[in-house]
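# Remarks on the overall topology
What follows is each chain in one-letter form.
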Amino acid sequence: MNKKQLISAVLLATSLSGCSTISDWFAEEEELEIRRLKPIQAQFQVDEVWSRDVGNGVESYFSRLQPVAVGNVVYVADRQGKLYALDAASGNVEWEQDFATYSDEGFFSGVSKLWSDGETARLSSLSHGNGTLYLGSENGVLMALNPENGEVKWQTTVPGEILAPAAVEGDVVVVNTGSGVMFGINANTGEELWRSESDVPPLSLRGISTPVAVSGGVMVGTPTGHLKVNVISSGLTAWETAIATPTGATELERIVDIDSTPLLFANTVYTVAYNGTLAAVELRSGRVLWKREYGSFRNVTLSGNTLFVVDTNSNIYALDRRNGVEIWAQGQIKGRRLTSAVPFGDHVVVGDNWGYLHWINKQDGSIEARYNLGGDDEDESVFADPLVVNGTLLAMTREGELAALSPVNQ
């Protein structure tokens, strides 16, 4: 067989293999087992309503930067510094701002901006509250923006990376940082009002818990496995409860971070730690109502009386919120680095490391539909949680493709 015949044979074998690629030849069998999706009996089709590129996304960086919806407007940012306001129905751009830094080159500065993305602003969080957008960065910069045009109202800097969206109640904005310090900021001026410090172990996860402000308090998980509530006006600790306890001989084994956003329903807070503890906690007292052995760094979600948990191995569980009893488990797509399970109609939806989105029946855990947004490419993975807006599902890839999706023929 000559060289030309050999190349033809290789190309033919690749085309006949279907889901096999040249990269598969160098992968281990366990990796291939995860990479090759098992076929499903699709119960309905998922259509793309619209899609558009919104900057460079978060690329390969660990970032939970995700869109925020307010009414019929979707705000979305990329790590580099671009911020867009989009019409939720069409995806059309209503306005955009660029917070990247460009060098001042005099006459040529305008030309430079056309051909360069500038120095990254390292944007890491986006939230909305009380008529203001809040944009945070890994540089510790917090900006308050006018949601009508993106203009800066005020800007302040805190000592620490802002890795989670800010929470707002009344005149106080609360930001949590990777340094273990949570800050209360005056929502009108950007002045620091208080700070609350938590211990940070020698080894912890890259992410942090998103604070949740409610009824004069702010709830947050800590890197030491605690759930705590602070008085939002003063920063004083109202109560603090240990959810997970470090065990093991190495620092890696002793990681107990609570990186998930506390989930409040009625008078109960649900939270999960990385090392394997899911807990229901009484809001007023901090008393633990029940605990179960599930570990995760993703958010716990709720629909009706059912909690949904995606564990560290990307198994998906449904549990009764009242007692933690498991209803079903779905392990068919384990290992694919799933997002949180986002409730959407009769399903929960998860995105994965190769850009697929999976629709899972809430009642029995069966996978009923699938959509390939990222082209089976790790660079186009769906890392941030999808977002439900006006009956459509918004999902974004690492490279900045944002799509609005809608199920049909259900």
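Presented here is a report on the structure given in the accompanying data block. (Residues numbered from 1 in each chain as written. Predicted model: local features only at pLDDT ≥ 70, side-chain atom pairs only at ≥ 80, totals over all residues. Heavy atoms only, no water.)

### Overview of the environment of Arg370
Tracing the backbone shows Arg370 in strand 29 (residues 367–372). Taking C-alpha positions, Arg370 is 9.0 Å from Phe44, a pair spaced 326 residues apart along the chain. With near-sequence residues (within four places) excluded, Arg370 lies in contact with Leu37, Lys38, Ile40, Ile333, Tyr356, Leu357 and His358. Polar side-chain contacts of Arg370 include one of 3.2 Å to the backbone oxygen of Lys38. Reaching out from Arg370, the side chain makes a polar contact with the side chain of His358 at a distance of 3.1 Å. (Helix = DSSP H or I, 4+ residues; strand = E, 2+ residues; numbered from the N terminus. Contact = heavy atoms within 4.5 Å. Polar contact = N/O pair within 3.5 Å; in protein donor to acceptor, adjacent residues only side chain to side chain.)

### Here's the deal with the sheet that holds strand 4 (residues 82–87)
Strand order in the open sheet formed by four strands is 2-3-4-5, with antiparallel pairing between adjacent strands. Edge positions in the open sheet fall to strand 2 (68–70) and strand 5 (93–98), since each of these has one partner strand only. Put simply, the sheet's adjacent strands are angled 15 degrees from each other on average, direction ignored. In this sheet, strand 3 (residues 73–77) lies alongside strand 2 in antiparallel orientation, the contact comprising three bridges. Looking at strand 3, one finds that Ala69 is bridged to Val74. (Pairing = 2+ DSSP bridges. Axes fitted to C-alpha atoms, helices over the stretch in contact; angles between N-to-C directions.)

### Some words on unusual backbone geometry
Despite not being glycine, Ala266 shows a phi value in the positive range, around 55 degrees. Of note, Ala266 is situated in the loop between strand 18 (263–265) and strand 19 (268–273). Positioned with a positive phi, Ser314 is a non-glycine residue whose angle comes to about 65 degrees. Residue Ser314 is classed as buried on the basis of its relative accessible area of 4%. (Buried < 20%, exposed > 50% of the residue type's maximum accessible area, 1.4 Å probe, protein only.)

### Structural notes on the nonpolar core
With 18 residues, the main nonpolar core has Leu83, Leu126 and Leu135 as its most contacted residues. Mapped by element, the contributors of at least two residues to this core are strand 3, strand 4, strand 6 (123–129), strand 7 (132–137) and strand 8 (141–145). Sequence-distant contacts of Leu83, defined by excluding residues within four places in its chain, comprise Val76, Ala77, Trp95, Glu96, Gln97, Phe99, Leu126, Leu135 and Leu145. (Core = buried A, V, L, I, M, F, W, Y, C linked by side-chain atoms within 4.5 Å.)

### Looking at the pairing of strand 25 (residues 326–330)
For strand 24 (residues 316–320) and strand 25, the ladder comprises four bridges, and the chain directions are antiparallel. From the neighbouring strand, Tyr317 faces strand 25, where its bridge partner is Ala329. From the end of strand 24 to the start of strand 25, which pair antiparallel, there are five residues, and Gly324 there has a positive phi angle of about 80 degrees.

### Comments concerning the pattern of salt bridges
Under the defined criterion, the tally for this structure stands at 10 salt bridges. We note a salt bridge from Glu282 to Arg287, for which the minimum N-O separation is 3.5 Å. Of the residues examined, Glu282 reaches a relative accessible area of 26% and is grouped as partly exposed. Assessed through its relative accessible area of 47%, Arg287 is described here as partly exposed. (Salt bridge = Lys/Arg side-chain N within 4 Å of Asp/Glu carboxyl O.)

### Considerations on the sheet that holds strand 22 (residues 301–303)
To summarise the sheet geometry, strands pair through backbone hydrogen bonds and adopt either a parallel or an antiparallel arrangement. What the four strands build is an open sheet, ordered 22-23-24-25; its pairing is antiparallel. Every other strand in the sheet has two partners, leaving strand 22 and strand 25 as the edge strands with one partner each. Sheet twist, expressed as the mean angle between neighbouring strand axes with direction ignored, is 20 degrees. Pairing between strand 22 and strand 23 (residues 306–310): three bridges, direction antiparallel. Paired with Leu302 across the two strands is Leu307, which belongs to strand 23.

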